[in-house]
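# Analysis of the macromolecular model
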Amino acid sequence: MARERKFTRDEIFQAVKILLLEHGYEAFTFSLLAEYLDVARGTIYKYYDNKDELITEFMINEMNTFMNDLKKIDAYPNFDAQFDYLFNIMFENTSIHQLIEIGKQMMDKNNEKVAENQRTLEHLHLEMYHYLDDLITAGKKEQKIKQQLPNPLILGYIFQAVAIPNHFGVPHQQWVKGLKEIIKYGMSAESK
């Protein structure tokens, strides 16, 4: 039997992340969350009106965490060091891409809090894009990236590469190193 107990913001957000990634948006419910947290469903309603409000607040927290990490990229002296740092934080936060996709499924457009949260998420997504676009531009200035390739294409390629599932269980470090090498140098054994 679920009981009324307190939970921290971190506890509920960690549970939301696990359950969203495991079950997806449609199957995620307050009942499922309450069971996972071992609390009464009504306890969650004391803090959030509905699942979209909770999910968008969770997503804002995730994006803020990622953005705080991303802003540290400026401490690195050149494109290669910045790209390595970016790749590392992207692989530490592989769920960001999935969560952005889940966010597009939000249905409650009439709840003002959800609408406000969605605007905040759009702003954070644009801020992330601008940081990454600046990185690609810097790579072009340092002649590390081909000038003729559009920045959005490069960014899309990087994000899609991070989302590639590792079905064959290649060791994580080898997987990351291989993807980074393919992105930076291609996969052809021929040098140009």
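Residues numbered from 1 in each chain as written. Predicted model: local features only at pLDDT ≥ 70, side-chain atom pairs only at ≥ 80, totals over all residues. Heavy atoms only, no water.

### Focus: the overall build of the protein chain
To keep things clear, this is the line we draw: Only DSSP runs of H or I reaching four residues or more are called helices, and only runs of E reaching two or more are called strands; each is numbered from the N terminus. When accessible area is computed with a 1.4 Å probe and restricted to protein chains, residues below 20% of their type maximum are described as buried, those above 50% as exposed, and intermediate ones as partly exposed. The charged-residue count follows a simple rule in which Lys and Arg add positive charge and Asp and Glu add negative charge, with His and chain termini not counted at all. Each charge is placed at NZ for Lys, CZ for Arg, CG for Asp and CD for Glu.
Counting its regular elements, the protein chain contains nine helices and zero strands. Ordered by position from the N terminus, the helices and strands of the protein chain form the series α-α-α-α-α-α-α-α-α. Over its C-alpha atoms, taken along the principal directions, the protein chain stretches across nearly 65 × 35 × 30 Å. Here the protein chain holds 192 residues, and 41% of them are scored as buried. Side-chain charges in the protein chain split into 22 positive and 28 negative, and the spacing between the mean points of these groups amounts to 3 Å.

### Structural notes on unusual backbone geometry
Despite not being glycine, Asp-38 has its phi angle at roughly 60°, a positive value. Tracing the backbone shows Asp-38 in the loop between α2 (30-37) and α3 (41-45). A positive phi is found at Gln-143, a non-glycine position, where the angle reads about 60°. Considering the arrangement of structural elements, one finds Gln-143 in the loop between α7 (112-141) and α8 (151-162).

### Some points on a nonpolar patch on the surface
Spelled out, the test is: Each patch is assembled from residues with relative accessible area greater than 30% and no salt bridge, linking like charges that lie within 9 Å and nonpolar side chains (Val, Leu, Ile, Met, Phe, Trp, Tyr) that lie within 5 Å. Method for areas: the Shrake-Rupley scheme with a 1.4 Å probe, in which residue coverage is limited to the protein chains shown. The salt bridge definition used is simple: a Lys or Arg side-chain nitrogen within 4 Å of an Asp or Glu carboxyl oxygen.
Together, Tyr-157, Ile-182 and Met-187 line one region of the surface with nonpolar side chains, adding up to about 360 Å² of accessible area. Tracing the sequence through the fold places Met-187 in the segment after α9 (172-185). Relative accessible area serves as the criterion here: at 75%, Met-187 is assigned to the exposed category.

### Describing the UniProt feature "domain: HTH tetR-type" (unreviewed entry) in the protein chain
For clarity, the threshold we go by: UniProt positions are given in the numbering used here, feature names are shortened, and annotations may be inferred rather than shown by experiment.
Within the UniProt annotation, "domain: HTH tetR-type" (unreviewed entry) is assigned to residues 6-66. Taken end to end, residues 6-66 has its terminal C-alpha atoms 27 Å apart, with 79% of it in helix and 0% in strand.

### With respect to the nonpolar core
Just so we agree on the cut-off: Here, the term nonpolar core denotes a set of buried Ala, Val, Leu, Ile, Met, Phe, Trp, Tyr and Cys residues that are joined through side-chain atoms within 4.5 Å.
Ranked by internal contacts, the top residues of the largest apolar core, which has 56 residues, are Ile-12, Leu-33, Ile-44, Leu-54, Leu-70 and Met-128. At the level of secondary structure, the elements contributing two or more residues to this core comprise α1 (9-27), α2, α4 (51-70), α5 (79-92), α6 (95-103), α7, α8 and α9. Among the elements that take part in this core, α4 stands out by supplying nine residues, more than any other.

### A few points about the packing of aromatic side chains
The line we're drawing: Ring pairs shown here join Phe, Tyr and Trp side chains whose ring centres sit within 6.5 Å, with only the six-membered ring taken for Trp; geometry is labelled stacked below 30 degrees between planes, edge-to-face above 60, and tilted in between.
Tallied over the full model, the rule gives seven aromatic pairs. Among the aromatic side chains, those forming a connected cluster through ring pairs are Phe-79, Phe-83, Phe-87 and Phe-91.

### Considering α4
Worth spelling out the cut-off: By definition here, a helix of n residues has an expected span of 1.5 Å times n minus one. In protein, a polar contact requires one atom able to donate a hydrogen and another able to accept it; more generally it is a pair of N or O atoms within 3.5 Å, and residues adjacent in sequence count only if both atoms are side-chain atoms.
End to end, α4 covers 28 Å across 20 residues, agreeing with the expected 28 Å (1.5 Å per residue, within 8%). With 16 of its 20 residues buried, α4 lies for the most part within the structure. Residue Asn-50 occupies the N-cap position of α4, its side-chain oxygen lying 3.1 Å from the main-chain nitrogen of Asp-52.

### Brief notes about the pattern of salt bridges
Applying the stated criterion across every chain yields a total of eight salt bridges. Ionic pairing is found between Asp-80 and Lys-184, a salt bridge with its closest N-O pair at 3.2 Å. Residue Asp-80 is found in helix α5, and its partner Lys-184 is found in helix α9; the two are separated by 104 residues along the sequence. Ionic pairing is found between Lys-180 and Asp-84, a salt bridge with its closest N-O pair at 3.5 Å. Taken together, the residues span a long stretch of sequence, with Lys-180 in helix α9 and Asp-84 in helix α5 at a distance of 96 residues.

### Observations concerning the UniProt feature "DNA-binding region" (unreviewed entry) in the protein chain
In this structure's numbering, the residues bearing the UniProt feature "DNA-binding region" (unreviewed entry) are residues 29-48. Span residues 29-48 is 65% helix and 0% strand, its end C-alpha atoms 12 Å apart.

### Some details on the confidence of the model for the protein chain
Rules: Each residue gets a pLDDT score, which is the predictor's confidence in that residue and runs from 0 to 100.
Residues of the protein chain with pLDDT of at least 70 account for 95%, and the chain-wide mean is 90. Of all the helices and strands in the protein chain, α6 carries the lowest mean pLDDT, 76, while α2 carries the highest, 96.

### A few points about α2
Defined as follows: Arc definition: directions from the helix axis to the C-beta atoms.
All of the buried residues along α2 are Phe-30, Leu-33, Ala-34 and Leu-37. The buried residues of α2 occupy one face: seen down the axis, they fall within an arc of 100°. Just downstream of α2 lies Asp-38, where phi reads positive at about 60°.

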